[in-house]
2 protein chains.
Amino acid sequence: MKATIKDVARLSGVSISTVSRVMNNPELVVPRKRQRVLEAIRELHYSPNALARGLIHKRTGTLGVLIPDISNLFYPAVLRGMEDAANQSDYNLIICNTDTSTVRRNSILKVLYEKQIDGVIWTSEPLSRNSYEMFDTLDFPVVLAATHSPDYEIPSVRVDDEQAAYDATVYLIKRRHTRIGMISGPPNDPISGYPRIQGFLRALRDHHLQFDESVCVEFGKYHFEDSYEAMKRLHGKYPEMTAVFASSDERALAAISYLHENQIRVPDEISVIGFDDTRMAGMSFPRLTTVAQPLYNIGYLAVDKLLKVINENPIEELRTCVPHQIIERNSVIDCTQRAVIK
Amino acid sequence: MKATIKDVARLSGVSISTVSRVMNNPELVVPRKRQRVLEAIRELHYSPNALARGLIHKRTGTLGVLIPDISNLFYPAVLRGMEDAANQSDYNLIICNTDTSTVRRNSILKVLYEKQIDGVIWTSEPLSRNSYEMFDTLDFPVVLAATHSPDYEIPSVRVDDEQAAYDATVYLIKRRHTRIGMISGPPNDPISGYPRIQGFLRALRDHHLQFDESVCVEFGKYHFEDSYEAMKRLHGKYPEMTAVFASSDERALAAISYLHENQIRVPDEISVIGFDDTRMAGMSFPRLTTVAQPLYNIGYLAVDKLLKVINENPIEELRTCVPHQIIERNSVIDCTQRAVIK
DNA sequence: CTGAAAGCGCTTACAG
DNA sequence: CTGAAAGCGCTTACAG
């Protein structure tokens with residue numbers, strides 16, 4: 001049996017109030033008694049029951065994290081950042097997979113609510129009206145990570161997707177590519193789809209590159225094989241393309257695989273730039289040039305912000321936009337060098 | 001303010017006992033009252049406080065998962081399996097990173113203990129005497145995932161590392177490779193180091209391949225760059241090698257990167273086989289042939305087993321060994337074909 | 001079938 | 001400085 005505060009009180013010959021005090025306000029207890037209590041605690045391997053404490057303080061020191069699917073390689077770094085931030089403030093994380101299902105989301109939120117979670121991080125997915133109302137009626141403090149809400153006043157931490165896509169495209173243009181394709185996520189995805197396509201198109205437009213959206217963009221859903229097929233279609237309809245912007249590292253690797261397997265050299269014939277900078281980006285051949293999201297920081301800052309909301313500390317800005325950055329590796333070549341090699 | 005059972009009792013004009021009953025044993029309450037209570041619950045958005053319940057039942061429905069580092073790409077699939085198993089039985093998971101630090105482990109275990117976690121999954125790391133004693137005195141139900149303990153009677157779920165390494169090596173030998181190198185983890189690692197080296201050597205021995213361990217094995221610690229360097233050293237001292245067994249997919253990708261970057265064709269000149277079958281394995285070029293661990297299942301079964309221990313259901317076997325399997329992709333070629341190509 | 005009471009393991013005014 | 005008491009939000013014998 002686990003020892004309780006009563007056992008400690010009995011063994012040290014004081015009341016449970018006193019035991020409680022030596023744990024929470026030791027200076028209120030005379031040293032002699034304090035010692036006796038401390039000894040009893042040690043002897044009994046006593047440690048306080050967080051449920052009882054939580055009941056009184058209305059705090060549990062645990063946060064809920066909702067992500068679409070932990071097996072997506074985008075999350076390991078993000079979650080590590082969240083964990084570290086939580087850990088630093090003595091919080092724990094309960095991580096749950098929603099599989100983008102509303103039903104699942106509801107049932108998760110219900111049990112987290114019962115477990116008296118102090119707040120939740122909502123990751124990646126756009127925040128529907130329905131989700132918003134759920135958080136609102138449950139009165140959950142929420143922070144959005146790697147997503148944001150233009151419609152509701154909810155704190156968020158993410159990258160400027162439109163601008164990042166713009167910069168990635170400009171990076172290619174600066175290297176004299178003029179015929180650039182894109183492998184995108186679903187156009188109705190308000191995070192990794194729509195804004196990145198817009199950024200891509202804006203860059204082309206700004207540089208007076210003629211383009212026809214229907215020939216230079218192809219869509220791969222989330223997984224590798226989809227994007228592999230998308231690359232095949234893209235290459236089929238736009239064979240003169242010299243570079244491609246893929247809106248995730250996974251899509252970029254799929255594109256590279258397709259090219260390799262069809263004897264098209266990367267980057268000598270076609271350059272590829274990715275998005276995210278997951279760990280895989282450094283492990284491919286050629287190593288992937290990509291626009292990095294500060295994944296770890298996104299996670300870290302999101303939890304940090306949530307903790308501020310919970311503790312009613314002021315937060316500097318509602319929607320924080322963390323900087324992206326192009327990581328140059330070996331999958332992009334200057335288009336003129338390309339000509340030489342050829 | 002959150003509604004409590006008292007609010008529901010007041011609104012529906014019954015005692016809290018009755019409210020409690022409609023939640024837990026509705027058949028004990030007359031339909032008329034039951035309806036009234038149900039309505040009040042809905043009206044107040046009432047949902048029971050799991051802390052109060054946990055205090056009484058001495059159960060929280062949450063499990064602790066200790067892993068070395070969630071940002072390792074080995075874990076996403078394992079954790080997904082754990083999550084699904086937990087979810088299916090209405091349990092939640094608190095995931096914590098130990099960074100292989102004893103201090104960190106102790107502090108994590110302390111708070112999980114206070115939070116009255118129902119049990120813990122200990123992942124990947126070998127179970128030291130010290131850890132064992134910790135679990136023992138805390139009286140935590142524990143299951144080991146992707147590791148096991150020869151010394152203590154603790155349930156575990158993992159692959160037979162020695163045999164899997166043996167099979168991977170035999171796979172190369174069957175394809176007529178006779179000069180095979182290995183990129184291994186640290187030899188003192190009782191999971192991904194020692195047994196896999198032993199399996200590798202046993203395969204060579206069984207097939208009468210002459211070998212000198214000091215020339216055909218090199219060590220890369222955990223990360224990519226280490227293994228890249230290890231591959232460089234291995235190739236330097238064993239240039240006639242035609243195939244390499246890497247004891248993780250990450251090591252295999254590092255080996256492939258090294259070979260590519262030095263214009264050594266894979267698999268045409270040197271074949272590479274990996275270990276784990278993480279998602280990256282399908283995304284590399286060439287796609288990686290590897291010995292798969294059933295990562296998802298390891299996670300799923302470990303939680304399943306832990307739940308059985310917690311509920312005092314019998315478990316079929318203390319140490320379950322899940323089957324490994326070689327996934328053939330494109331990074332290994334028959335050594336005779338290799339000669340032809342050359 | 002239902003309510004009052006005790007209790008789960010704590011914390012925190014309130015007296016003294 | 002310290003103890004008795006009330007209370008956090010529930011569940012569960014025990015009477016009736």
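Residues numbered from 1 in each chain as written. Chains lettered and ligands numbered in written order. Predicted model: local features only at pLDDT ≥ 70, side-chain atom pairs only at ≥ 80, totals over all residues. Heavy atoms only, no water.

K.L.:
Sorry if this is basic, but what is going on with the protein's contact with DNA strand D here?
P.N.:
Inspection of the region around DNA strand D gives 27 residues, with Thr18, Arg21 and Lys33 of chain A together with Ile5 and Ser20 of chain B positioned closest. Ser20 of chain B has a polar side-chain atom sitting 2.5 Å from a phosphate oxygen of DNA strand D. For DNA strand D, a phosphate oxygen lies 2.9 Å from a polar atom in the side chain of Tyr46 of chain B. For the surface near DNA strand D, the secondary-structure elements that each account for two or more residues are helix H2 (16-24) and helix H4 (50-57) of chain A together with helix H1 (5-12), helix H2 (16-24) and helix H4 (50-57) of chain B. Of all the elements, H2 of chain B adds the most residues to the surface near DNA strand D, at 5 residues. Here the surface near DNA strand D is built from residues that sort into 11 nonpolar, 10 polar and 6 charged. (Near = heavy atom within 4 Å. Polar contact = N/O pair within 3.5 Å; in protein donor to acceptor, adjacent residues only side chain to side chain. Helix = DSSP H or I, 4+ residues; strand = E, 2+ residues; numbered from the N terminus. Nonpolar A, V, L, I, M, F, W, Y, C, P; charged D, E, K, R; others polar.)

K.L.:
What should I look at first to understand helix H13 (residues 295-310) of chain B in this one?
P.N.:
Since one α-helical turn is 3.6 residues long, residues separated by three or four positions face the same way. All names here are of chain B. Between its first and last C-alpha atoms H13 spans 23 Å; for 16 residues at 1.5 Å apiece the expected length is 22 Å, and the two agree. Those residues of H13 that sit buried are Leu295, Ile298, Gly299, Tyr300, Ala302, Val303, Lys305, Leu306, Leu307 and Ile310. Residue Glu312 follows H13 closely and has a positive phi angle near 55°. (Expected span 1.5 Å × (residues − 1). Buried < 20%, exposed > 50% of the residue type's maximum accessible area, 1.4 Å probe, protein only.)

K.L.:
Would you mind showing me how to read the sheet that holds strand E6 (residues 180-184) of chain A here?
P.N.:
Strand pairing in a sheet is mediated by backbone hydrogen bonds. Such pairs are either parallel or antiparallel. Residue and element names in this part refer to chain A. A sheet is described by the order of its strands in space; here 6 strands give the open sequence E7-E6-E8-E9-E10-E12, paired in mixed fashion. Edge strands, defined here as strands with exactly one partner in the open sheet, are strand E7 (217-219) and strand E12 (325-327). Across this sheet, the average inter-strand angle for adjacent strands is 20°, counted without regard to direction. By the bridge criterion, 4 bridges tie strand E9 (residues 271-276) to strand E10 (residues 289-292) in an arrangement that is parallel. Bridge pairing in E10 links Ile273 to Thr289. (Pairing = 2+ DSSP bridges. Axes fitted to C-alpha atoms, helices over the stretch in contact; angles between N-to-C directions.)

K.L.:
Where do I start with the relation of the copies chain A and chain B in this structure?
P.N.:
Expressed as a screw transformation, the operator carrying chain A onto chain B has a rotation angle of 180° and an axial translation of 0.0 Å, and the superposed copies differ by an RMSD of 0.0 Å. Seen this way, the second copy is the image of the first under a two-fold rotation axis. The residues that chain A uses at the interface reappear at the interface of chain B in 100% of cases, marking a shared surface. (Least-squares fit on C-alpha atoms with pLDDT ≥ 70 in both. Contact = heavy atoms within 4.5 Å.)

The analysis is restricted to geometry; functional conclusions fall outside its scope.
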